[in-house]
Amino acid sequence: MSNLFDLLVAGLATGAIYALVAVGFTLLWQTSQTINFAQGEFVMLPAFLMLAAMHAGAPFWLAIILGILLSMILLGLGFKLLLVDPMMRHGVLPLAIATMALAIGLKEAVKQFFSAEASPFPSIVPTGDISILGHAVSLQSIGVLVVAIVAVFGLTALLNRTSLGHQMQAAAQNPTVARIIGVPVERMILLTFLINAFLVALASLLITPIYLAKFSSGEVLGQAAFIAAIVGGFNQVRGAIAGGLLIGVLDNLAAAYISTQYRAAVPMIFLIAVILFRPQGLLGRAEERTV
Amino acid sequence: MISFGKPLKIALGLIVIAGLIIVPMNFNRYGLFILSQWAVMTIAAMGLNLTLGYAGQVSLAQGAFVGIGAYAAAIMTTHGWPLPAAIVVAIVLSFAVGWVLGYPALRVQHHYLAFVTLAFSTLAFLVFRNESWLTGGIYGISNIPRPHIFGFATNKPLPFYYVCLGSLAIVSLAVWWLIRSPWGRAFMALRENPLRAQSLGIDTRRYTLMAFAIGSALGGIAGALYAPLTQYIDPVPFNLSLSLDLLMMVIVGGAGFYFGPFLGAMIAVLLPEWLRFTEGYYLMLYAVAVMLLLIWSPTGILGILDRYLAERRTKAASALRAVAKSRLETVQ
C-alpha cells in the first residue's frame, strides 16, 4: 500500500497545480464569459519570462518578481484590453477561437524568440525527500502542494471574507444589479484578469522545475485544467479546486493501475460521464437555459 | 443590379473552376501537394460548417473524423482494396460514429458540447496511437497506394490533384443541394431557435444527430483522400490541433456561409505558404491575422462581404423609397 500513498501525494501535487490553473479559468468565465483556450500557454509563458530575466543577469528571486509582474501586465491587462474587450460583444464562440489563435501565437513566439528545446528551470523548493509516516516523500511535491493550497485559500478568503471579494462576486453573478448598487464592475473584471495572470505565473513557477520549460508544455496542462474546471463545476471556484485535485489523483492512479498508454483517456472518459450526467459539474450550480 | 447578378456569379464561378483546372498544370510537385491539401481540407471544413455553421452544434472532433477516414483508407488500400470501396467504408464508419457523438448534443450545448467533442478527439488520437496491431501505432502506415480511376493511374501529383478537385466538386454539389433542401432549412431552424423549430414540428433529435453524422461523414471523406495524398499516415496529424484548425477555418471563412470553408481552408493552408518568406514568423503572423480578423468581423471574411452587401441593399432600398415618395408627392 506504500505505493498508493506515494501516488496520492504526487497526484495531489499535480492536482493542486491543475486547480490553480482551473480556478483562473472559472474566474474569467464567471466575470466575462471568456473561455480561454490559451490558458495552458498562459502557464508556459511566465517560466520563459523568468528565464529571460535570469539570462539578462537577474538573480532568481528578482526574476520571479519580474516574471509575475510581466505576466500580470501581458496576460492580465494586455489580454483583457487587446483581445477580450474588443471581442466581448461578439459572443462566446468567436472569442474562444481568438484565444486558440492566441495559443498558437504564444507558442510560436516562444519557439522563435527563445528556444525550441526544453530548458531546465530552478526549483523554489529544495530537492530531496523527507519521511512522512514511514514514506519517503519528495520535498518538491510537498512544496507544490503547500504553495498551491496557500494560494487557493488566500483567494477564497479574498472572495468570501473581504468587501472587495464580495464586490467581485456581485459583479460576476449579476453585473446589472451590481452596477446599480455601486460596484465598479469594470474594475472588478479587470481584477479577475490580473488574479488569473498571477495564478498562472504561480503555477508556472511550481510546475516548470518538474517538467522543464518547453514551448509546447501548455497543451497538456491547458487540457487538464479545462477538464478540472468542468468536472468540478464551471461556475464555482471551489468546484475548480476539487476538480483539479480529483483529476490529478485520477491521472496518477490511472497511470499506475490501468495502463500508461491510456492514462490520458481516463480523465477524458470521466469528463464525458460528468458532462452527460451532471452537466453543471460535481459542485457546480445549474445555469439557467436561455431560450 | 439583381438582373445581371446571377449570370455574373455563374461566369465568375466558371472562371474560378477553369483556373483550378488549368493553372496548376505547370505547378511543381509541392505546389500541387498544397493545392490538393486545400481541396481535402475544404471538404473536411464543409462538413464542420454543416454541423456548426448551419446546425449550430459546436464540435471539436472534426479532426478525429479525418483521422478515422484516413486510417480506414490506409488500412484497406494497403490490403488491396480499391480506394472507392475505402471511401464508402470511411463514410459509413464516420457517419455511424458521428451519429453516436451526436447524442451528447441532445443533452448539452455550447461549451459543454465543445468539451465533450474535445475529449472524443483526444480519445480517438489515443486509439490511433496505441492500437498498433491495426494502425501501426507511432510508426504509422506507409506506402499507401494512389488509386486507378477508370484505368488511369493517379500516382503522379497532377492526376491525384484532379482526384481531390473532382471529389471536392462532387461534395460541393451535394452540400449545395443539401442546404437548399428541407433538411438544410431544418438545420438552420435548429441553429436559430431549437425550441421554436420543435414547435414547428421539426424532429430536433433526428436533425441534431443527422447534422453531426453528415458533417462527420464529410470529415471521413476528407481523411480517405488525405491518406493517399500523403501516402503515409501516423497519429500526429490527427490530434486535437487539427480539430482546432478546422474550427478556425470555418469561423475565419465565415460559419454558415456556403463558401466560408473554401476561403477558410485557403487561408489556413495557403497563407502559411505565402508567409514562408518570413521564415519562423509565419505561424505567429497567421495567429495575429486571425485575431485581428475576428476582432474586426466575428462572422469571418464572408461576414464582412455580407455586411457590405446588406448595407448596399438597404441604401438602394431607401433610395428607391425616396424616389417613390417624391413621385407620390408630385402626383398629389
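Residues numbered from 1 in each chain as written. Chains lettered and ligands numbered in written order. Predicted model: local features only at pLDDT ≥ 70, side-chain atom pairs only at ≥ 80, totals over all residues. Heavy atoms only, no water.

An unreviewed UniProt entry lists chain B under the name Branched-chain amino acid ABC transporter permease, from Bradyrhizobium ottawaense. Per its UniProt entry, chain B bears the Subcellular location (unreviewed entry) comment "Cell membrane". (UniProt positions renumbered as here; feature names shortened; annotations may be inferred.)

If you check an unreviewed UniProt entry, chain A appears there as Branched-chain amino acid ABC transporter permease from Bradyrhizobium ottawaense. UniProt's Subcellular location (unreviewed entry) comment on chain A is quoted here verbatim: "Cell membrane". Per UniProt, chain A has the following entry under Sequence similarities (unreviewed entry): "Belongs to the binding-protein-dependent transport system permease family. LivHM subfamily."

Draft legend 1. Just the packing of aromatic side chains, in detail. This structure, assessed with the given rule, holds 22 aromatic pairs over all chains. Ring centres of B:Trp176 and B:Tyr258 lie 4.9 Å apart, and the angle between their planes is 80°; on these two criteria the pair is classed as edge-to-face. You can see B:Trp176 sitting in helix H7 (residues 157-180) and its partner B:Tyr258 sitting in the loop between helix H11 (240-253) and helix H12 (260-274), a full 82 residues away along the chain. According to the relative accessible area criterion, B:Trp176 is partly exposed, its value standing at 38%. In this structure B:Tyr258 comes out as buried when scored by relative accessible area, which is 13%. Ring pairing ties together the aromatic residues A:Phe25, A:Phe37, A:Phe226 and B:Phe115, which thus form one cluster. In this arrangement the basic side chain of B:Arg146 is found over the ring face of B:Phe160, its NZ or CZ atom lying 4.7 Å from the centre. Between the NZ or CZ atom of B:Arg206 and the centre of the ring of B:Tyr207, over which it lies, the distance is 5.5 Å. (Phe/Tyr/Trp six-rings, centres within 6.5 Å; stacked < 30°, edge-to-face > 60°. Helix = DSSP H or I, 4+ residues; strand = E, 2+ residues; numbered from the N terminus. Buried < 20%, exposed > 50% of the residue type's maximum accessible area, 1.4 Å probe, protein only. Lys NZ or Arg CZ within 6 Å of the ring centre and 35° of its normal.)

Draft legend 2. Region of interest: the packing of helix H2 (residues 29-54) of chain B against H7(B). Residue and element names in this part refer to chain B. Running from N to C, H2 and H7 point in directions that differ by 15°, and their axes come no closer than 9 Å. With respect to their mutual orientation, H2 and H7 come out roughly parallel. Every pair of crossing elements has a handedness; the one defined by H2 and H7 is left-handed. Packed against H2, whose contacting residues are Arg29, Leu32, Leu35, Ser36, Trp38, Ala39, Val40, Thr42, Ile43, Met46, Leu50 and Tyr54, the element H7 presents Pro157, Leu158, Tyr161, Cys164, Leu165, Ser167, Leu168, Val171, Ser172, Val175, Leu178 and Ile179 at the interface. (Axes fitted to C-alpha atoms, helices over the stretch in contact; angles between N-to-C directions. Parallel < 35°, antiparallel > 145°, perpendicular 65-115°, else oblique. Left-handed = near helix turned anticlockwise from the far one by under 90°. Contact = heavy atoms within 4.5 Å.)

Draft legend 3. The nonpolar core, seen in detail. The biggest cluster of nonpolar side chains holds 196 residues, and the ones touching the most others in it are A:Leu20, A:Phe37, B:Phe115, B:Phe187, B:Ile233, B:Phe238 and B:Leu246. Looking at which element gives the most residues to this core, the answer is H2(B), with 15 residues. If we ignore the near neighbours within four places in the chain, the residues touching B:Phe115 are A:Phe25, A:Ile35, A:Phe37, A:Phe226, A:Ile230, A:Phe234, A:Leu271 and A:Ile275. (Core = buried A, V, L, I, M, F, W, Y, C linked by side-chain atoms within 4.5 Å.)

Draft legend 4. Local environment of the interface of chain A and chain B. Contact with chain A, which involves 42 residues of that partner, is made by 37 residues of chain B. Around 3600 Å² of area is buried between chain A and chain B when both sides are counted, 79% of it from carbon and sulfur atoms. Ranking the residues of chain A by area buried against chain B places A:Ile97, A:Tyr262 and A:Leu276 at the top, with a combined share of 15%. There are 5 residue pairs in polar contact (both at pLDDT 80 or more) connecting chain A and chain B. Secondary-structure elements contributing two or more residues to the side of chain A that touches chain B are helix H1 (2-32), helix H3 (60-87), helix H4 (92-113), helix H9 (218-232) and helix H11 (265-277) of chain A. Broken down by class, the residue content of the side of chain A that touches chain B amounts to 33 nonpolar, 6 polar and 3 charged. (Buried area = accessible area lost by both parts, 1.4 Å probe. Polar contact = N/O pair within 3.5 Å; in protein donor to acceptor, adjacent residues only side chain to side chain. Nonpolar A, V, L, I, M, F, W, Y, C, P; charged D, E, K, R; others polar.)

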